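In case you want the letters, here they are:
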Amino acid sequence: MKYINTTAYQHGDELKIGVLLVNLGTPDAPTKQALRTYLKEFLSDPRVVEPTFPRWIWWLILNGVILNIRPKRSAAAYASIWDEVGKGSPLMAISQQQQQAVNACLQRNNTQVVTELAMRYGNPSIKSGLAKLKAQNVDRLLVLPLYPQYSASTTASIFDAVSAELQTWRLIPEVRFINHYHDHTGYIDALAHSVKNHWQVHGQPDQLLMSFHGVPKRYLLNGDPYHCECHKTGRLLAAKLGLNQGQYQVTFQSIFGREEWLKPYTMDTLKALPKQGHKHVQVICPGFAADCLETLEEIAVENKGYFVDAGGQTFSYIPALNTEPDHINFLSNLITQHSQTWLQNNQTSGPLTKELFNQMN
């Protein structure tokens, strides 16, 4: 193997701690061709799709059927939300703001720490994110997947990609990997704060749905902890909000294919709630660190339609934590906790205020 030898390090240079923030990804444009490229990379990942039949059969299905049908439909969905936050892909724009805000938080107390953003699929790639950190003389690397709940189909896939890229490096940094934060107090507090703020404007609903991205039920049976971590997040958030079991539900969205996925399905639940007497429903998606297609279009538009068509009266989506100061402070302190022994001054990052965030934008 030919190893990459592009380090900018010179003897005597200050070595730094690099933090790679990673989210799922987004197509480069809301077009059929861009979606085809993005979906091919995404659905070719063996962590994402674990077929019960030979892999070559899945290759034929993906390239012969799915990639000839799904890109056009997905492009239309992306087009409907593309400039919703004013800068193209919402996930990309929000993720970039998150990285900038976290970086500012961390560097106020320790200039040793540098951060970069990467996407598991699409751009900026994990390879490019790691290369940027390498160029800044990083000899310690902390990887933070922006998935609160661990799943092999998401978190482990990021680990695979990071590991594969580091195999091409001659000098490997010391590496730490955060694989979940589903029950961290700071994360639960930030979620609860966002819900309470929403209630101040929209009132408290008859039913609060906590909708998480679905995975095949088979993954749970094979040992994936995702289902359990989603329910723990839901239970902790409900307790923080003072809700009883009849006031909230944990559901699963984004079902794909014919096999059984984790239940109950968000779509079916919303269709049934009006008949059960629930006319005012709110949905929060605690598995998404940033708003994206699955929240802004699938939940706030498509699933709202199911609820209203079934007789529901009032529906609202509670935005993801995005760049809320509570969220940025939590992520910054989570990074600090996991890199504590690397830091020279052993101090946590200073809190991000709304004033500081506004100055950066």
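The following paragraphs examine the structure supplied in this document. Worth saying up front: this structure is predicted, and the values here are computed from it rather than measured. (Residues numbered from 1 in each chain as written. Predicted model: local features only at pLDDT ≥ 70, side-chain atom pairs only at ≥ 80, totals over all residues. Heavy atoms only, no water.)

1. Observations concerning helix α4 (residues 126–135)
Residues that lie three or four places apart on an α-helix share one face, since the helix turns once every 3.6 residues.
Item 1. Every buried residue of α4 is accounted for by Ile126, Gly129, Leu130, Leu133 and Lys134. For α4, the angular spread of buried residues about the axis comes to 140°, placing them on one side.
Item 2. Where α4 is buried, its residues contact β1 (16–26), β2 (113–122), β3 (138–145) and α5 (155–166).
Item 3. Asn137 sits one or two positions beyond α4 and adopts a positive phi of about 65°. (Buried < 20%, exposed > 50% of the residue type's maximum accessible area, 1.4 Å probe, protein only. Helix = DSSP H or I, 4+ residues; strand = E, 2+ residues; numbered from the N terminus. Arc of directions from axis to C-beta. Contact = heavy atoms within 4.5 Å.)

2. Observations concerning the sheet that holds β3
Within a beta sheet, neighbouring strands are joined by backbone hydrogen bonds and run either parallel or antiparallel to one another.
Item 1. Here 4 strands make up an open sheet; going across it, the order is β2-β1-β3-β4 and the pairing parallel. What marks the edges here is a single partner per strand, and that holds for β2 and β4 (174–177). On average, each strand axis in the sheet is inclined to that of its neighbour by 25°, with strand direction left out of account.
Item 2. As paired elements, β1 and β3 share 7 bridges and run parallel to each other. Note on β3: the bridge partner recorded for Val19 is Leu142.
Item 3. Here helix α3 (residues 90–107) sits on the sheet and contacts β1 and β2; the angle it forms with β2, its principal contact strand, is near 160°.
Item 4. Helix α11 (residues 325–338) contacts β1, β3 and β4 of the sheet and is inclined by roughly 130° relative to β3. (Pairing = 2+ DSSP bridges. Axes fitted to C-alpha atoms, helices over the stretch in contact; angles between N-to-C directions.)

3. Concerning the packing of aromatic side chains
Item 1. This structure, assessed with the given rule, holds 9 aromatic pairs.
Item 2. Aromatic pair Tyr187 and Phe330: ring centres 6.3 Å apart, planes at 35°, arrangement tilted. Highlighted residues: Tyr187 in helix α6 (residues 185–202) and Phe330 in helix α11, separated in sequence by 143 residues.
Item 3. Between Phe307 and Phe315, the ring centres sit 6.0 Å apart and the planes meet at 45°, which makes this aromatic pair tilted. Here Phe307 matches Phe315 in class, with each residue buried.
Item 4. An aromatic cluster of at least three residues, connected via ring pairs, comprises Tyr38, Phe42 and Tyr121.
Item 5. Seen from the ring of Trp169, Lys134 lies directly overhead, with NZ or CZ sitting 4.1 Å from the centre.
Item 6. Across from the ring centre of Trp342, 4.0 Å away, lies the NZ or CZ of Arg176, which sits over that ring. (Phe/Tyr/Trp six-rings, centres within 6.5 Å; stacked < 30°, edge-to-face > 60°. Lys NZ or Arg CZ within 6 Å of the ring centre and 35° of its normal.)

4. So, the sheet that holds strand β5 (residues 207–213)
Item 1. The strand order β6-β5-β7-β8 describes an open sheet built from 4 strands, whose pairing is parallel. Single-partner strands in this sheet number two, and they are β6 (248–253) and β8 (314–318). Across the sheet, the axes of successive neighbouring strands diverge by a mean angle of 25°, strand direction being ignored.
Item 2. The pairing of strand β7 (residues 280–284) with β8 spans 5 bridges and is parallel. Paired with Gln282 across the bridge in β8 is Ser316.
Item 3. Along the sheet, helix α8 (residues 226–241) contacts β5 and β6; its crossing angle with β6, the most-contacted strand, is approximately 145°.

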